[in-house]
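Report on the structure
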Amino acid sequence: MAPTHVLRCCQRGLAWIPVIFIALVVCWSYYAYVVELCILTIGKRGSIGEQIVYLIFFHLSFIMFVWSYWKTIFTKPANPSKEFCLPKAEKERYEKEERPESQQEILWRAATSLPLYTRTGAGAIRYCDRCQVIKPDRCHHCSACDMCVLKMDHHCPWVNNCVGFSNYKFFILFLAYSLVYCLFIAATVLQYFIKFWTNDLPETAKFHVLFLFFVAAMFCISILSLFSYHLWLVGKNRSTIEAFRAPVFRTGSDKNGFSLGFRKNITQVFGDQKKYWLLPVFTSQGDGLTFPTRLVNADPEQATVNMHPEPSKSAADVPVSPLSDSQNRLLSNEQHANNVQDHLANNTLKSAESETITISMESES
């Protein structure tokens with residue numbers, strides 16, 4: 001049987017096949033459009049103006065597409081910092097403990113100084129046994145990358161990388177510019193695709209024009225659906241994982257827990273300087289370890305109202321508004337300490353269930 005590291009190297013090599021396939025298709029599309037269409041077909045017809053316009057816009061979309069694709073592939077996924085690792089003594093105690101309750105007590109004590117606001121479905125601290133770190137909010141373990149990734153969205157085989165906090169903006173721009181690239185090719189090749197059926201094209205260009213249109217149209221359809229879905233996720237401030245499984249907070253699961261409203265959701269991914277939005281440079285807000293939240297179960301994108309009811313209105317008639325940015329941290333360190341105390345108190349109560357407590361009530365005379 002082959003050693004594990006050899007199998008791992010083979011898996012990593014095979015994982016580059018989709019990327020190589022895309023690179024070959026892009027290189028062929030460049031040759032087919034620039035050489036076969038613009039130079040050999042349009043150039044021979046004497047349409048210099050059309051040729052120049054096509055070449056300028058094609059290269060603009062091509063450069064932005066390749067740039068964003070490159071950044072998506074080669075931007076290393078962000079990992080949890082060292083502060084989320086258990087201290088050596090606590091780690092040894094955790095590994096020696098066999099009872100899950102005792103392990104959770106160790107994790108709760110270690111988490112008192114950490115900005116952790118989400119939990120498992122059972123209300124426990126999220127811990128990765130593989131990476132041996134306490135998971136920050138929105139962090140998940142990627143089995144393909146074999147690491148915990150901050151604000152993990154999904155692992156994309158077409159970029160052979162995990163899409164997360166560090167490259168999510170690049171991934172969105174990659175989808176956008178690839179869609180523009182394919183739409184531009186399909187729109188400008190259409191008239192020559194029609195001429196293919198009338199035998200009004202040079203023999204050398206027929207094959208390239210025919211397949212260039214089909215490939216561009218096919219990728220347009222597939223990319224459009226994926227791009228639309230991720231735009232919806234950005235507007236809701238959710239990851240693909242969170243869209244399928246809502247994050248769990250202290251008050252329970254809430255699919256809108258990280259949503260700050262459409263505008264602020266956009267700026268969380270693209271930054272607050274609009275001049276950099278269309279460039280594949282990192283401008284996302286935050287550090288990937290902590291994220292603001294509204295702490296409400298209602299849809300935060302609805303209109304907000306004053307939290308304090310007017311004298312003429314009853315408290316039941318006034319809905320609660322989302323918290324402001326200065327109030328949007330789920331739990332302070334003091335609240336974390338209270339969580340630990342509550343958790344330990346619950347364990348004490350569970351161990352004392354066998355005891356009988358009698359409460360006598362005297363009737364009023």
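Residues numbered from 1 in each chain as written. Predicted model: local features only at pLDDT ≥ 70, side-chain atom pairs only at ≥ 80, totals over all residues. Heavy atoms only, no water.

1. Observations concerning the overall build of the protein
- Summing up its helical and strand segments, the protein has 10 helices and 8 strands in all.
- Within the protein, the fraction of its 365 residues that count as buried is 44%.
- Relative to all contacts within the protein whose residues are 6 or more apart in sequence, the contacts with residues 24 or more apart total 65%.
- Accessible surface computed for the protein: about 20,900 Å², of which carbon and sulfur atoms make up 61%. (Helix = DSSP H or I, 4+ residues; strand = E, 2+ residues; numbered from the N terminus. Buried < 20%, exposed > 50% of the residue type's maximum accessible area, 1.4 Å probe, protein only. Contact = heavy atoms within 4.5 Å. Areas by Shrake-Rupley, 256 points an atom, 1.4 Å probe, with all protein chains shown as cover.)

2. Let's talk about the environment of Ser225
- Mapped onto the elements, Ser225 comes out in helix 7 (residues 203-236).
- Polar side-chain contacts of Ser225 include one of 2.9 Å to the backbone oxygen of Ser222. (Polar contact = N/O pair within 3.5 Å; in protein donor to acceptor, adjacent residues only side chain to side chain.)

3. Quick look at the pattern of salt bridges
- Applying the stated criterion across every chain yields a total of 3 salt bridges.
- With a closest N to O distance of 3.7 Å, Arg93 and Glu90 form a salt bridge. Highlighted residues: Arg93 and Glu90, both in helix 4 (residues 88-96), separated by 3 residues, approximately one helical turn.
- Between Arg130 and Asp146 there is a salt bridge, with its nearest N and O atoms 2.9 Å apart. Residue Arg130 is found in the loop between strand 1 (127-128) and strand 2 (133-134), and its partner Asp146 is found in the loop between strand 3 (140-142) and strand 4 (147-149); the two are separated by 16 residues along the sequence. (Salt bridge = Lys/Arg side-chain N within 4 Å of Asp/Glu carboxyl O.)

4. Here's the deal with the nonpolar core
- Among the nonpolar cores identified, the biggest contains 49 residues, and Tyr33, Phe58, Tyr168, Ile185 and Val189 are the most heavily contacted of them.
- Elements with a minimum of two residues in this core: helix 2 (17-42), helix 3 (48-74), helix 6 (168-197), helix 7 and helix 9 (262-270).
- Element by element, the count of residues in this core is highest for helix 6, at 17 residues.
- When near neighbours in sequence (up to four residues on either side) are disregarded, Val189 contacts Tyr33, Leu37, Val209, Leu212 and Phe213.
- Residues Trp108, Leu116, Cys148 and Leu150 belong to the second largest nonpolar core, which totals 21 residues. (Core = buried A, V, L, I, M, F, W, Y, C linked by side-chain atoms within 4.5 Å.)

5. Let's talk about the packing of aromatic side chains
- Counting across every chain of the model gives 26 aromatic pairs.
- Each ring, one from Phe213 and one from Phe214, has its centre 6.3 Å from the other, and the planes form 65°; the classification is edge-to-face.
- Given the relative accessible area of 16%, Phe213 is considered buried.
- These aromatic residues form a ring-pair network of at least three members: Tyr30, Tyr33, Tyr54, Phe58, Phe62, Phe65, Tyr69, Phe171, Phe174, Tyr181 and Phe184.
- One residue, Arg138, lies across the ring of Phe258, its end atom 4.3 Å from the ring centre.
- Just above the ring of Phe291 sits the side chain of Arg138; from NZ or CZ to the centre is 4.9 Å. (Phe/Tyr/Trp six-rings, centres within 6.5 Å; stacked < 30°, edge-to-face > 60°. Lys NZ or Arg CZ within 6 Å of the ring centre and 35° of its normal.)

6. Considering the environment of Phe211
- Relative to the assigned elements, Phe211 resides in helix 7.
- Judged by its relative accessible area of 38%, Phe211 is partly exposed.
- Separated by 182 residues in the primary sequence, Phe211 and Ser29 place their C-alpha atoms 9.3 Å from one another.

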